[in-house]
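# Structure at a glance
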Amino acid sequence: MNILKKIDTFSANSLKILENDLEEFKNKYIYNLFINKKDKRADLGQKFHNLICAYLKGFDVSKIMLELNEQEKNIWQNLKTILNDNKDNFIKCEYSFLIKEDLNNKNYFLTGRFDAIYKENDEYIIYDWKTLNLPKNPADDLQSVVYLYCANKIFNTTTIKMRYLSIEKLNFVDVLFSDTQIYKNRIDNIIKKLH
Amino acid sequence: MIINAASNTNRTDILINEYLKLLNKGIEAENILVIVQNSKKKKEFIEKIKKYSKTGNIGCLKIFSFYGLAYNYILENWALVENSIQDDINRKISPNLCGMEVSQYIFKECIKEIDFSGYNSKTSLLHQLLRRNSLINLNNLSKEELKKRVDILNESYSQEANQAINKYKLKTIEKRAFDYIRQLNIFEFLYKKTKNSFEYVFLDDADEITPAVVAFLEEIKPTVKEFFIGYDKQGSSRLGYLGAINIDFEKFLNEKEQIIISNEEKFKNAQNILNSIRKNEEIGLDNITSKTFLKRNEMIDEVLSDIKILINNGIKPSEISIITPISDEFLKTSLLKSGFEFNFLTKNEKLNQNKLIGYILELLKIINDTQNKDISPYILKGIFIELLNLDKKETLKLIQEYKLKRDFKGSNIFDFIKNKNFSAFIKLIEIYEEIRFEKLSTQLYEIIKNFIKLEKEISKDIYKINQLLKQIYGFEEVFNDEVSNLELINQLENTIISENPLSDEEIDENSIVVSSAQKIIDYSHKTKYQFLLDVNNENWLKQDIGPLYNAWVMQKSWNKDSFELEDNIELTKDRTARTLYKLYLLGDEITLYSSAYDSLGMENFSGIDKYFKFKNEIKTKEQKPITPRKDQEEVLNYKGGLMSVSATAGSGKTTIMLLLVDKILSGEILDGVESKNIFVLTFMESAARNFKERIKAKYPDLKELPNISTIHGLALRIIKENNNYSRLGLDFDFEIIDEIKRTSILNEIIYSLGIQSDKIDLYDSAISTYKNELANYGEFDCQNRLFLNVFNAYQNKLKEQNLIDYDDLLLLSLKLLKENPDILEYYQNIVKIIIEDEAQDSSFIQQNLISLLGGKYKNIIRCGDINQAITSTFTNSDVKGFREFMKNSKNVVMDRCQRCSTGVLDCANNTVKWSNKEKYEAFSDLIMKPVDGVNLVDKNSVKLELFKEEKEETNFIINEIKKILKNDPKATFGVLLRSNFAINKWDKIFKENSIKTYKNSDSLINNPVYRICLLILEFISNPYELKITKEIAQELFEFGYYDYDAVKYANNLSEPIFLKEDFEEQFYWDMNYFLFKNHYSIYDLVYEIGAFYFSNSIHKDNISLVATIAQKISLTQKTFENTISKLREIQFKNNFSNIKFFATNDNSKKNAAVQIMTLHKSKGDEFDYVFIPELSQDNLCFNIEKYKLKENSKFIQKMKKYPKTEEELKKEIIEENYRLIYVGITRAKKYLYLSCANNYKYFGKMRETNESEIFEGLGEYIEKN
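Residues numbered from 1 in each chain as written. Chains lettered and ligands numbered in written order. Predicted model: local features only at pLDDT ≥ 70, side-chain atom pairs only at ≥ 80, totals over all residues.

Check the secondary structure of chain A and you find seven helices and six strands. Counting helices and strands in the order they occur from the N terminus, chain A gives α-β-α-α-α-α-β-β-β-α-β-β-α. The globule rule puts the C-alpha radius of gyration for 195 residues at 16 Å, and the 18 Å found for chain A is close to it. In terms of overall dimensions, chain A has C-alpha extents of about 55 × 40 × 30 Å along its principal axes. The buried share of chain A, reckoned over its 195 residues, is 33%. Taking as baseline every contact in chain A between residues at least 6 positions apart, the subset at least 24 positions apart corresponds to 65%. (Helix = DSSP H or I, 4+ residues; strand = E, 2+ residues; numbered from the N terminus. Rg over C-alpha atoms; globule rule 2.2 N^0.38 Å. Buried ≥ 20, exposed ≤ 12 C-beta atoms within 10 Å, placed from the backbone. Contact = placed C-beta atoms within 7 Å.)

Written out as structure tokens, the structure is:
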């Protein structure tokens, strides 16, 4: 069976799985053999994502943030300072994208969502909020690869960086755009596993 | 841009092309809004954009269904909503955009606080309110608009309904929990508050949009640069029904539309369908054909065989669709059994109908309620085998042990398994300890993680498990700890998956789609072959009206000041026209399938078949021509008007009535009379079915059969058709109370009033009498206060539970006709001729109905035989009415009896003479005459036999039968008895003497499907009891399924069959198969048993009836085991839930020489030899002096406006006794034996009794012969 016929759209997450384990990929994305699990950390992450986005959009969040507990409120106060410092450079948040790619005369698509986009001078900064820990090898992380590759297609520039920011620790790490072809090769090679 | 084009054009492609042009111009996708009809259309739209767009960045697509748009918009702008809500306590960073299961739960809680006193449908109140709420919102009705509609509909509960809806709304705000309808409110609030960012708007299927969408479009219109709209001007199938509204888009945009037509001929045909239905004309098209059947299983079999032919010819499954409004268990099970793949788009499936989910939920129940001592062993077996993967034999041993322990000590299941050394148990206990206090979602997740292997084979189950989990997460988010795990499981079990429109539906290419018409249209699902099923069922035209809502009037566009029957009919017709127009465009070859009966054996009526005509429609099957006798000929010379036919027993009345209907159908008698204008009323359901079968056999291709039913069937149609029930204040899901339910309600009432429990039957008939009296004479004062208390309590109970009884059926239909001139006119126009059988048994109300219905054309034929009126003393039948009718109509007499031998004939005529001599008015003066050369001539064919002892009488009969059988092995015998309870006694006696019998009774257990399914169920629930296993072998041997070896094998068993390893024994395999086939649903289990043992068409229909009975009972019982006990408990009842079995040609009936039944039941039957034993004075008295009136008979008189005196009553009863024996006598073709003994055993004691006067009365004449 040509799996590409069934699955032609990939996210950074699904590519990660495909890169590591073809079987796991098939089970999850083709046969849907997985059980939805909701954990507290993901919930908290989602809460902050929504709160940040509402704040960045300029909504009055003083009421909704009351849902947070004391500890979370502290985190939010600190986070808000950072967001405020950078406010003028904010462009948009929760931006979904769809990119069409060629591979041996066939198409596949990359999809994902930027948590927030900032622009400092000419440089686009793609923010990704992490609840606690930052990626260990961010430059090598498939999320960086896919996001930077796509951002390049979207903004038509190589002056892009990806910034992972830990909500709880407030530290961050940046990955600078390197090379389209390297990104493309890595992604193509993963997808070739399905051919 | 406006494109007016039907769904079979490339309309959507044109829109997509425009969309891509915009992208190519550099417009950002996030500034282009696309609104499509549903998530499937959304997917298709996106796929096409993906396909045709250039490589590189496509952008941030904003393609939504309207609900999806609302959903996303709320999430993105939630803070604005939260800031406008007053309360500070429940604030949320993001709202709970929940599914219907959550909002249904909230609504349920709100209703509890509001008093809908007197509202008759507690069961569907929730549904009613949800529907009302959704109509108000989809139509964007303002308070004033709603008020206007409340007035038009003269609604009784609008205040309560509004109160409930308001409460619900407040509660959803408090919980920040909004389902898709509620989201529309929030969305409206938001888009009015925010700036529109969409420069371009695409709208496909724009004829399906609701006023809620229109309001949004109006709001953003000033800021939108360009609209692109695709629609079909002919209108949507949802128009005026599910909230869709007709919009003049040319006016809306001030722009000319483009019209696109592809496949001109098809489009023209589709338009012809639309127009002809609107004009009430029939249409015939080459690519629409029809197939009609009597029973639904025959219809489904044919569908499957047609599918097989297509697939064998290389047609792909995806090119076929099955379209029906009735996607019930029977259809599903029958289709799935066929081996083809089906995809049911109409998912009215409850979660626990999935076996795996069912067992998982059961395990969760056990985990959350360890104190439950009532765990069903059957369920436990399923959990052990299906979830814990335990060995099957081991499981059964464990279950037996558990049962014993539980019965003695009430053992806790976890205590029980603790001591068992099975790894699965150890694991379960470990996990149980870990999760017992966790949330339900955690518990569920852990169970799946630990016990379910995620494999491809169960991917569909896993999809459903994820849906379940999603629901639970939703619940837990909204309610936190307010709802206990057990409560939550209960709510989930009863939630229907499909309610949420955002849920995705996959259409698999290798399967045949089964769907409602609406879904096919929603999905624009094109297939080469469309099979339209159940086309003569009213559900095709089902209107959406209830006591708390009216889908027509609650449309935004409703502008009339009233709502009449005519509106309902016209609007329904118009919607049907649009639906069929749209369906036609989506198919190439269309076949309409219909069956006279639905899967519950109820008559279908009033479907869409009436709009189509077909070539060579009426073909008659060559049948042996019948030459009517002279006395019969006159009936056939009928030319219209009132006619009464007095037909004696054995005069061939049914045959002549068939010929008459035949003649009417051929148009020889009356002009302009079609099938639908002919109404035949029979006394018994079985007679109606029989009549239909015979017409069907003669006209196999007749599109529509004449209306042949009992008066109750006709009454039900009048109440149901065109939503007439709403005029009676009834809810659409009203049910007719059955015997079992009625008994239980009466029991409760009688107990609470301190009346003796053995009085139930008495009160039962008193209620019926009183109701009929009320109908005849209007309100009057009943003298018996206690009875009135019972009566009122009973009526209240019915009302509370949305039930009506059999008497109500007639009363209410009469009421409808009398009080609503429009309804009366509707039926009077249809009923061009009405033929009534057994007119002597007709009740006052029935006669009233007949004269009303036939009131316009006045072609009424009533057939009967006053001499055979044998129901007047215990039903409401009114023979006087027939006598009256005979006087006022042309009377035809069929006095030739070709059945009975001359001696028997004389005996019957002598009974009349004897009665006259005794000065009774039991009979008419009709004297039966033989037909020359037909009747057996034997003057000595009647024997009167008297015995001293009971034993002598039985011996005589047995010897006589044996003797006759020796010379005439094919002879048939009828043993006719006075009462039901004697049947079993005689059955036993014959069995002891190796004479095969057939008990002719309507009891459930008399049906072989019921009997055998019940036995196997009992075996499954108790395989340890060898007696049951043995009984099964014996029963199935007698039925002809197994040979005698199976009986021998079963009889030799010394331990339960599952412990054996007798691999050569078929019986062994079959029993173990059922034992280990764990079906969560009892419907599936019964269906499987039935389909295994029964293959002929009649039985197959009864399988679905038995399965339905079992399923209905299971809803009221806690456990599988209780359900089975209940099935056994009701075995002697005549029906359950008014489900009537199809007559069987049961093998045991065919093989039996002797049929045993009551005298009453024998009417219509005939036998070579007839025995009427036990003719004592107690059983059949003819002497008014000696007759002792029963207290019960006196009691019933008190319910009458004009009670009879005791003398009158006695006389009536004795007269009926005359007719009863007359009926018995006239069953005999050759010989008749009347007998009696002087000593009978009653309840274990010998009692002396006198023989009935009949021996003297008739003896006189017989001696003379």
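Having seen the model, we can carry on.
Attention now moves to the packing of helix α6 (residues 125-138) of chain B against helix α9 (residues 180-193) of chain B. All names here are of chain B. At a minimum axis distance of 10 Å, the contact between α6 and α9 shows a crossing angle of 35°. In this structure, α6 meets α9 at a crossing whose hand is left-handed. Here α6 contributes Asn 133, Ser 134 and Asn 137 to the contact with α9, which in turn contributes Ile 181, Leu 184 and Asn 185. Its residues assigned to classes, the contact of α6 with α9 comprises two nonpolar, four polar and no charged. (Axes fitted to C-alpha atoms, helices over the stretch in contact; angles between N-to-C directions. Left-handed = near helix turned anticlockwise from the far one by under 90°. Nonpolar A, V, L, I, M, F, W, Y, C, P; charged D, E, K, R; others polar.)

All right, on to the environment of Leu 1004 of chain B then. Residue and element names in this part refer to chain B. Along the polypeptide, Leu 1004 turns up in the loop between β28 (997-999) and α39 (1008-1021). For Leu 1004 and Lys 1133, which are 129 residues apart along the polypeptide, the C-alpha to C-alpha distance reads 6.0 Å. When residues no more than four places from it in sequence are discounted, the contact partners of Leu 1004 are Tyr 1010, Ile 1130, Gln 1131, Lys 1133 and Phe 1136.

Listed per partner, the contact involves 30 residues of chain A and 32 residues of chain B. Contributions of two or more residues to the side of chain A that touches chain B are made by α4 (40-56), β2 (90-103) and α6 (142-155) of chain A. Broken down by element, the residue count for the side of chain A that touches chain B peaks at eight residues, all from β2 of chain A. Sheet topology note: the β2 of chain A/strand β3 (residues 56-57) of chain B ladder contains two bridges and is antiparallel. Within β3 of chain B, the position partnered with Lys 100 of chain A by the bridge is Gly 56 of chain B. (Pairing = 2+ DSSP bridges.)

A low pLDDT score tells you not to read the predicted coordinates there in detail. All names here are of chain B. Summary statistics for chain B give a mean pLDDT of 89 and a share of 96% for residues scoring 70 or more. Least confident of the elements in chain B is helix α46 (residues 1147-1151), whose mean pLDDT is 60; most confident is strand β5 (residues 200-203), at 98. A low-confidence stretch, residues 498-502 stays under pLDDT 50, and its non-local contacts, those more than four residues away or across chains, total 14 contacts. Taken over the whole predicted complex, pTM reads 0.88, whereas the ipTM for its chain interfaces reads 0.96. (pLDDT = per-residue confidence, 0-100.)

Residue and element names in this part refer to chain B. Judged by pairing direction, the sheet is parallel, and its six strands sit side by side in the order β18-β17-β21-β22-β16-β23 without closing on themselves. One side of each edge strand has no neighbouring strand; the edge strands of this open sheet are β18 (707-710) and β23 (890-894). With strand direction ignored, the average angle separating the axes of adjacent strands in the sheet is 15°. In terms of strand pairing, strand β21 (residues 833-836) meets strand β22 (residues 860-864) through three bridges, oriented parallel. When the bridges of β22 are listed, Glu 836 appears paired with Arg 862.

With that out of the way, let us pick up the pairing of strand β32 (residues 1245-1248) of chain B. Residues and elements named next belong to chain B. As defined by bridge partners, strand β31 (residues 1228-1242) adjoins β32 across four bridges and the pair is classed as antiparallel. Residue pairing in the sheet places Tyr 1240 in a bridge with Arg 1247 of β32. Linkage of β31 to β32, two consecutive antiparallel strands, is achieved through a turn of two residues, within which Phe 1243 is found at a positive phi near 45°.

Residues and elements named next belong to chain B. Between its first and last C-alpha atoms helix α40 (residues 1026-1039) spans 20 Å; for 14 residues at 1.5 Å apiece the expected length is 20 Å, and the two agree. Where α40 is concerned, the buried positions are Thr 1029, Ile 1032, Ala 1033 and Leu 1036. Summarising the axial view, the buried residues of α40 lie within an arc of 95°, below the 170-degree limit, and thus occupy one face. Each element contacted by the buried residues of α40 is listed here: α39, α41 (1044-1051), α42 (1066-1076) and α43 (1082-1093). (Expected span 1.5 Å × (residues − 1). Arc of directions from axis to C-beta.)

Residues and elements named next belong to chain B. Taken together, six strands build an open sheet; the order of strands is β4-β2-β5-β6-β1-β7 and the sheet is parallel. Here the strands that pair on one side only, and so sit at the sheet edges, are β4 (62-65) and β7 (258-260). Across the sheet, the mean angle separating the axes of adjacent strands is 15° when strand polarity is ignored. Note that strand β2 (residues 32-36) and β4 share four bridges and pair parallel.

Even without being glycine, Leu 170 of chain A reaches a positive phi, approximately 65°. Within the fold, Leu 170 of chain A resides in the loop between β5 (160-166) and β6 (172-176). The phi angle at Asn 722 of chain B is positive, at roughly 50°, despite the residue not being glycine. By the element assignment, Asn 722 of chain B lies in the loop between α28 (711-720) and β19 (735-736). Here Asn 722 of chain B falls in the buried class, since 21 other C-beta atoms lie within 10 Å of it.

Here Ser 39 of chain B shows up in helix α2 (residues 39-52). Counting along the chain gives 1198 residues from Ser 39 of chain B to Ala 1237 of chain B, while the straight-line C-alpha distance between them is 80 Å.

Residue and element names in this part refer to chain B. By secondary structure assignment, the location of Ser 889 is in the loop between α35 (879-888) and β23. Separated by 27 residues in the primary sequence, Ser 889 and Arg 862 have C-alpha atoms spaced 9.6 Å apart. Setting aside its immediate chain neighbours within four residues, Ser 889 contacts Leu 642, Met 643 and Ser 644.

On to the packing of α39 of chain B against α40 of chain B. Residues and elements named next belong to chain B. Interhelical geometry of α39 versus α40 gives an angle of 155° and a closest axis separation of 9 Å. Between α39 and α40, the crossing angle belongs to the class labelled roughly antiparallel. Here α39 and α40 pass one another in a crossing that is left-handed. For the pair α39 and α40, contact is made by Pro 1008, Arg 1011, Ile 1012, Leu 1015, Ile 1016, Glu 1018 and Phe 1019 and by Ile 1028, Thr 1029, Glu 1031, Ile 1032, Glu 1035, Leu 1036 and Phe 1039, respectively. Here the residues of the contact of α39 with α40 are counted per class, giving nine nonpolar, one polar and four charged. (Parallel < 35°, antiparallel > 145°, perpendicular 65-115°, else oblique.)

Turning our attention to α28 of chain B. Residue and element names in this part refer to chain B. Among the ten residues in α28, seven count as buried, and that is most of the element. Burial in α28 covers these residues: Ile 711, Leu 714, Ala 715, Leu 716, Arg 717, Ile 718 and Ile 719. Buried residues belonging to α28 abut β17 (678-682), β18, α32 (806-819), α33 (821-830) and α34 (844-853). Backbone geometry just after α28 places Asn 722 at a positive phi near 50°.

Residues and elements named next belong to chain B. Neither face of strand β1 (residues 2-5) is exposed, since Ile 2 and Asn 4 on one face and Ile 3 and Ala 5 on the opposite face are all buried. Sheet topology note: the β1/strand β6 (residues 226-231) ladder contains three bridges and is parallel. Residue pairing for β6: Ile 3 is matched across the bridge by Gly 230. As paired strands, β1 and β7 are joined by three bridges and run parallel to one another. If you follow Ile 3 over to β7, its bridge partner there is Gln 258.

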